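Single-letter residue listing:
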Amino acid sequence: MDLEARSLQPNVKAVLLAKLREYKSDLNNLKSEHKRLASANSNQAARDDLLESGMADAMSVSANQRGQLMMSTERLNESSDRIKESRRTMLETEELGVSILQDLHQQRQSLLHANDTVFLLLKVPYRLHLLTGKFEGKDERKRLMRKGGRKNK
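Figured I'd write up the structure that's included with this text. (Residues numbered from 1 in each chain as written. Predicted model: local features only at pLDDT ≥ 70, side-chain atom pairs only at ≥ 80, totals over all residues. Heavy atoms only, no water.)

1. Comments concerning the overall build of the chain
Next, step 1: Scanning the chain for helices and strands turns up three helices and two strands.
Next, step 2: Listing the helices and strands of the chain from first to last along the sequence gives α-α-β-β-α.
Next, step 3: With 153 residues in all, the chain has 10% of them scored as buried.
Next, step 4: For the chain, the proportion of contacts with a sequence separation of at least 24, taken over those separated by at least 6, is 20%.
Next, step 5: Put simply, the chain shows about 13400 Å² of open surface, and 59% of that area lies on carbon and sulfur atoms. (Helix = DSSP H or I, 4+ residues; strand = E, 2+ residues; numbered from the N terminus. Buried < 20%, exposed > 50% of the residue type's maximum accessible area, 1.4 Å probe, protein only. Contact = heavy atoms within 4.5 Å. Areas by Shrake-Rupley, 256 points an atom, 1.4 Å probe, with all protein chains shown as cover.)

2. Remarks on a nonpolar patch on the surface
Next, step 1: On the surface, a cluster of nonpolar side chains totalling about 410 Å² of accessible area is made up of L96, I100, L101 and L104.
Next, step 2: Tracing the backbone shows L96 in helix α2 (residues 10-122).
Next, step 3: Residue classification places L96 among the exposed residues on the basis of a relative accessible area of 53%. (Patch = residues over 30% accessible without salt bridge, like charges linked within 9 Å, V, L, I, M, F, W, Y side chains within 5 Å. Salt bridge = Lys/Arg side-chain N within 4 Å of Asp/Glu carboxyl O.)

Right, here's the structure in full:
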(Lines give C-alpha, C1' and ligand atoms only; values in the text may rest on other atoms or scores of the structure.)
Protein backbone atom coordinates (compact mmCIF):
# COMPACT_ATOMS: atom_id res chain seq x y z
CA MET A 1 0.00 0.00 0.00
CA ASP A 2 2.81 2.30 0.84
CA LEU A 3 4.38 1.81 -2.60
CA GLU A 4 1.11 2.43 -4.38
CA ALA A 5 0.45 5.62 -2.41
CA ARG A 6 3.94 6.96 -3.28
CA SER A 7 3.38 6.40 -6.96
CA LEU A 8 0.24 8.56 -7.07
CA GLN A 9 -0.05 12.27 -7.66
CA PRO A 10 1.36 14.54 -4.93
CA ASN A 11 -1.94 16.01 -3.74
CA VAL A 12 -3.54 12.54 -3.28
CA LYS A 13 -0.22 11.05 -2.21
CA ALA A 14 0.06 13.26 0.91
CA VAL A 15 -3.45 12.44 2.09
CA LEU A 16 -3.03 8.71 1.52
CA LEU A 17 0.40 8.58 3.20
CA ALA A 18 -1.02 10.40 6.26
CA LYS A 19 -3.89 7.92 6.44
CA LEU A 20 -1.44 5.06 5.95
CA ARG A 21 0.73 6.33 8.84
CA GLU A 22 -2.37 6.66 10.97
CA TYR A 23 -3.44 3.10 10.12
CA LYS A 24 0.04 1.76 10.85
CA SER A 25 0.04 3.53 14.21
CA ASP A 26 -3.41 2.12 15.02
CA LEU A 27 -2.23 -1.34 13.93
CA ASN A 28 0.87 -1.11 16.18
CA ASN A 29 -1.26 0.08 19.08
CA LEU A 30 -3.69 -2.80 18.56
CA LYS A 31 -0.81 -5.30 18.31
CA SER A 32 0.74 -4.06 21.56
CA GLU A 33 -2.64 -4.11 23.28
CA HIS A 34 -3.24 -7.66 21.97
CA LYS A 35 0.15 -8.75 23.33
CA ARG A 36 -0.59 -7.13 26.67
CA LEU A 37 -3.98 -8.81 26.94
CA ALA A 38 -2.64 -12.15 25.76
CA SER A 39 0.18 -12.03 28.29
CA ALA A 40 -2.27 -10.98 31.00
CA ASN A 41 -4.55 -13.87 30.07
CA SER A 42 -1.66 -16.31 30.04
CA ASN A 43 -0.44 -14.90 33.36
CA GLN A 44 -3.97 -15.20 34.75
CA ALA A 45 -4.24 -18.77 33.46
CA ALA A 46 -0.88 -19.62 34.98
CA ARG A 47 -1.92 -17.92 38.24
CA ASP A 48 -5.20 -19.85 38.26
CA ASP A 49 -3.32 -23.10 37.65
CA LEU A 50 -0.95 -22.33 40.51
CA LEU A 51 -3.79 -21.37 42.82
CA GLU A 52 -5.77 -24.49 41.97
CA SER A 53 -2.78 -26.74 42.59
CA GLY A 54 -1.94 -24.76 45.71
CA MET A 55 -5.48 -25.11 47.01
CA ALA A 56 -5.40 -28.86 46.36
CA ASP A 57 -2.08 -29.07 48.21
CA ALA A 58 -3.43 -26.92 51.02
CA MET A 59 -6.54 -29.09 51.32
CA SER A 60 -4.49 -32.29 51.45
CA VAL A 61 -2.11 -30.71 53.98
CA SER A 62 -5.11 -29.52 55.97
CA ALA A 63 -6.60 -33.02 55.94
CA ASN A 64 -3.27 -34.48 57.09
CA GLN A 65 -2.98 -31.90 59.85
CA ARG A 66 -6.55 -32.56 60.92
CA GLY A 67 -5.81 -36.29 61.16
CA GLN A 68 -2.65 -35.68 63.18
CA LEU A 69 -4.53 -33.28 65.45
CA MET A 70 -7.27 -35.85 66.07
CA MET A 71 -4.70 -38.55 66.88
CA SER A 72 -2.87 -36.19 69.25
CA THR A 73 -6.13 -35.24 70.94
CA GLU A 74 -7.02 -38.90 71.39
CA ARG A 75 -3.60 -39.68 72.91
CA LEU A 76 -3.94 -36.66 75.20
CA ASN A 77 -7.38 -37.82 76.38
CA GLU A 78 -6.03 -41.33 77.04
CA SER A 79 -3.13 -39.87 79.03
CA SER A 80 -5.54 -37.70 81.01
CA ASP A 81 -7.64 -40.76 81.83
CA ARG A 82 -4.55 -42.67 82.99
CA ILE A 83 -3.51 -39.72 85.17
CA LYS A 84 -7.00 -39.53 86.70
CA GLU A 85 -6.94 -43.27 87.42
CA SER A 86 -3.46 -43.00 88.96
CA ARG A 87 -4.58 -40.09 91.11
CA ARG A 88 -7.61 -42.05 92.31
CA THR A 89 -5.37 -45.02 93.19
CA MET A 90 -2.94 -42.71 95.00
CA LEU A 91 -5.76 -41.17 97.08
CA GLU A 92 -7.08 -44.63 98.00
CA THR A 93 -3.58 -45.73 99.02
CA GLU A 94 -3.09 -42.58 101.09
CA GLU A 95 -6.45 -43.13 102.79
CA LEU A 96 -5.48 -46.73 103.60
CA GLY A 97 -2.10 -45.57 104.97
CA VAL A 98 -3.77 -43.01 107.25
CA SER A 99 -6.15 -45.67 108.51
CA ILE A 100 -3.25 -48.06 109.25
CA LEU A 101 -1.33 -45.33 111.07
CA GLN A 102 -4.37 -44.53 113.21
CA ASP A 103 -4.77 -48.21 114.10
CA LEU A 104 -1.07 -48.46 115.00
CA HIS A 105 -1.35 -45.34 117.19
CA GLN A 106 -4.32 -46.81 119.04
CA GLN A 107 -2.45 -50.10 119.53
CA ARG A 108 0.61 -48.22 120.83
CA GLN A 109 -1.51 -46.29 123.30
CA SER A 110 -3.14 -49.51 124.43
CA LEU A 111 0.27 -51.21 124.93
CA LEU A 112 1.65 -48.24 126.86
CA HIS A 113 -1.41 -48.19 129.10
CA ALA A 114 -1.15 -51.94 129.69
CA ASN A 115 2.56 -51.58 130.51
CA ASP A 116 1.82 -48.82 133.02
CA THR A 117 -0.97 -50.85 134.56
CA VAL A 118 1.26 -53.92 134.98
CA PHE A 119 3.97 -51.75 136.48
CA LEU A 120 1.56 -50.33 139.04
CA LEU A 121 -0.21 -53.58 139.89
CA LEU A 122 2.86 -55.70 140.30
CA LYS A 123 4.70 -53.01 142.16
CA VAL A 124 7.88 -53.92 140.38
CA PRO A 125 10.61 -51.52 141.46
CA TYR A 126 12.02 -51.23 137.94
CA ARG A 127 10.60 -51.59 134.48
CA LEU A 128 11.93 -51.44 130.95
CA HIS A 129 10.55 -48.49 129.04
CA LEU A 130 9.13 -49.77 125.75
CA LEU A 131 10.26 -46.87 123.59
CA THR A 132 13.61 -45.83 125.05
CA GLY A 133 14.81 -49.24 126.18
CA LYS A 134 15.91 -47.73 129.53
CA PHE A 135 14.94 -48.93 132.99
CA GLU A 136 12.70 -46.69 135.06
CA GLY A 137 12.63 -46.83 138.85
CA LYS A 138 10.40 -46.12 141.81
CA ASP A 139 10.16 -42.39 141.24
CA GLU A 140 8.43 -43.00 137.95
CA ARG A 141 6.01 -45.43 139.61
CA LYS A 142 5.06 -42.83 142.24
CA ARG A 143 4.42 -40.21 139.60
CA LEU A 144 2.20 -42.60 137.68
CA MET A 145 0.24 -43.51 140.80
CA ARG A 146 -0.51 -39.87 141.53
CA LYS A 147 -1.87 -39.44 137.99
CA GLY A 148 -4.03 -42.53 138.26
CA GLY A 149 -1.89 -44.79 136.15
CA ARG A 150 -2.29 -42.78 132.94
CA LYS A 151 0.45 -41.11 131.00
CA ASN A 152 -0.02 -37.72 129.39
CA LYS A 153 -0.65 -37.89 125.68
